[in-house]
Each structure stands twice: as C-alpha cells, then as structure tokens.
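Understanding the architecture of this molecule
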Amino acid sequence: MHGKSCTNSRKKLIKLGFDLILLLFNLDPRRSGAGGAGGESDCFRLVKLIMENDWAPAIVFSFSKKECEAYALQMSKLDFNTRKVTVLKNS
C-alpha cells in the first residue's frame with residue numbers, strides 16, 4: 001500500500017512540474033504536430049530554451065515516429081556544441 005501511494009504522489013508531482021513548465025514558457029499542451037510548414041514546434045522551443053540557459057543534459061522523447069523525425073530535422077538547425085568546443089573548432 002505504501003509503495004502505491006508513493007508512486008501516485010510521484011506521478012502527481014511529475015505532472016505538476018510538467019504543467020508548470022508549459023505555463024512558464026507559454027507552451028501549448030493541446031498543440032499537436034511538430035511545427036509543420038517551417039514553424040517551430042514546442043519541442044524545438046523547449047530544447048532551444050534548455051540550450052540557451054545551459055540546463056543540459058536533458059532527454060526529450062516523442063512516442064510518434066513521424067513527429068520524432070520532424071523534430072530531428074528541426075534540431076539540425078541547432079548547434080549542440082558548448083561555447084568552448086565551438087571556439088576550438090573555429091580556431
């Protein structure tokens with residue numbers, strides 16, 4: 001019994017954290033798709049935000065193969081190297 005209530009509490013806490021992130025960064029949980037027509041998806045905006053604020057590492061996951069492929073194409077626009085690596089690469 002104790003384990004089940006702990007698991008339920010943890011799930012509620014995770015859901016609360018997720019909802020808070022959506023609210024803080026003005027992301028729309030009802031919006032589906034990967035941005036389409038060149039638009040930035042919420043997933044892309046979230047990864048960009050993580051990178052800009054040096055909050056890495058992070059794991060981003062999509063259950064949809066189609067959306068996952070679209071996200072990968074969007075992420076190819078980002079530079080995932082640290083500033084130090086970028087400076088070394090350019091010198």
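Residues numbered from 1 in each chain as written. Predicted model: local features only at pLDDT ≥ 70, side-chain atom pairs only at ≥ 80, totals over all residues. Heavy atoms only, no water.

1. Points about the overall build of the protein
- Within the protein one finds four helices and zero strands.
- Starting at the N terminus and walking to the C terminus, you meet the elements of the protein as α-α-α-α.
- Here the protein holds 91 residues, and the buried ones make up 16% of them.
- Taking the intrachain contacts of the protein between residues at least 6 apart in sequence as the baseline, contacts between residues at least 24 apart amount to 54%.
- Working note: accessible area of the protein is about 7,700 Å², and carbon and sulfur atoms make up 63% of it. (Helix = DSSP H or I, 4+ residues; strand = E, 2+ residues; numbered from the N terminus. Buried < 20%, exposed > 50% of the residue type's maximum accessible area, 1.4 Å probe, protein only. Contact = heavy atoms within 4.5 Å. Areas by Shrake-Rupley, 256 points an atom, 1.4 Å probe, with all protein chains shown as cover.)

2. Concerning helix α3 (residues 65-75)
- Taken together, the buried positions of α3 are Y71, Q74 and M75. All buried residues of α3 lie within an arc of 95° about the axis, which places them on one face of the element. For α3, the exposed residues lying more than 90 degrees away from the buried face are K65, K66 and L73. (Arc of directions from axis to C-beta.)

3. A closer look at the environment of E40
- Summarising the element assignment, E40 is placed in the loop between α1 (2-24) and α2 (42-52).
- Taking C-alpha positions, E40 is 9.3 Å from Y71, a pair spaced 31 residues apart along the chain.

4. Thoughts on the pattern of salt bridges
- All told, the structure shown has one salt bridge when counted by the stated rule.
- Between E40 and K48 there is a salt bridge whose closest N-O contact spans 4.0 Å. (Salt bridge = Lys/Arg side-chain N within 4 Å of Asp/Glu carboxyl O.)

5. Focus on the side chain of Q74
- In this structure, Q74 sits in helix α3.
- Q74 sits in the buried class, given a relative accessible area of 9%.
- Reaching out from Q74, the side chain makes a polar contact with the side chain of S41 at a distance of 2.7 Å. (Polar contact = N/O pair within 3.5 Å; in protein donor to acceptor, adjacent residues only side chain to side chain.)

6. Describing the packing of α2 against α3
- Remark: α2 packs on α3, axes separated minimally by 10 Å, with the N-to-C direction vectors making an angle of 45°. As the angle between them shows, α2 and α3 are arranged oblique. In this structure, α2 meets α3 at a crossing whose hand is right-handed. Contacts from C43, F44 and V47 of α2 reach α3 at Y71, Q74 and M75.
- Considered class by class, the residues forming the contact of α2 with α3 number five nonpolar, one polar and no charged. (Axes fitted to C-alpha atoms, helices over the stretch in contact; angles between N-to-C directions. Parallel < 35°, antiparallel > 145°, perpendicular 65-115°, else oblique. Left-handed = near helix turned anticlockwise from the far one by under 90°. Nonpolar A, V, L, I, M, F, W, Y, C, P; charged D, E, K, R; others polar.)

7. Observations concerning the packing of aromatic side chains
- Within the structure shown, the criterion is met by one aromatic pair.
- Centroid distance F61 to F63: 4.9 Å. Interplanar angle 80°. Geometry classified as edge-to-face.
- Look at F61 and you get exposed, because its relative accessible area is 63%.
- Its relative accessible area of 82% is what places F63 among the exposed residues. (Phe/Tyr/Trp six-rings, centres within 6.5 Å; stacked < 30°, edge-to-face > 60°.)

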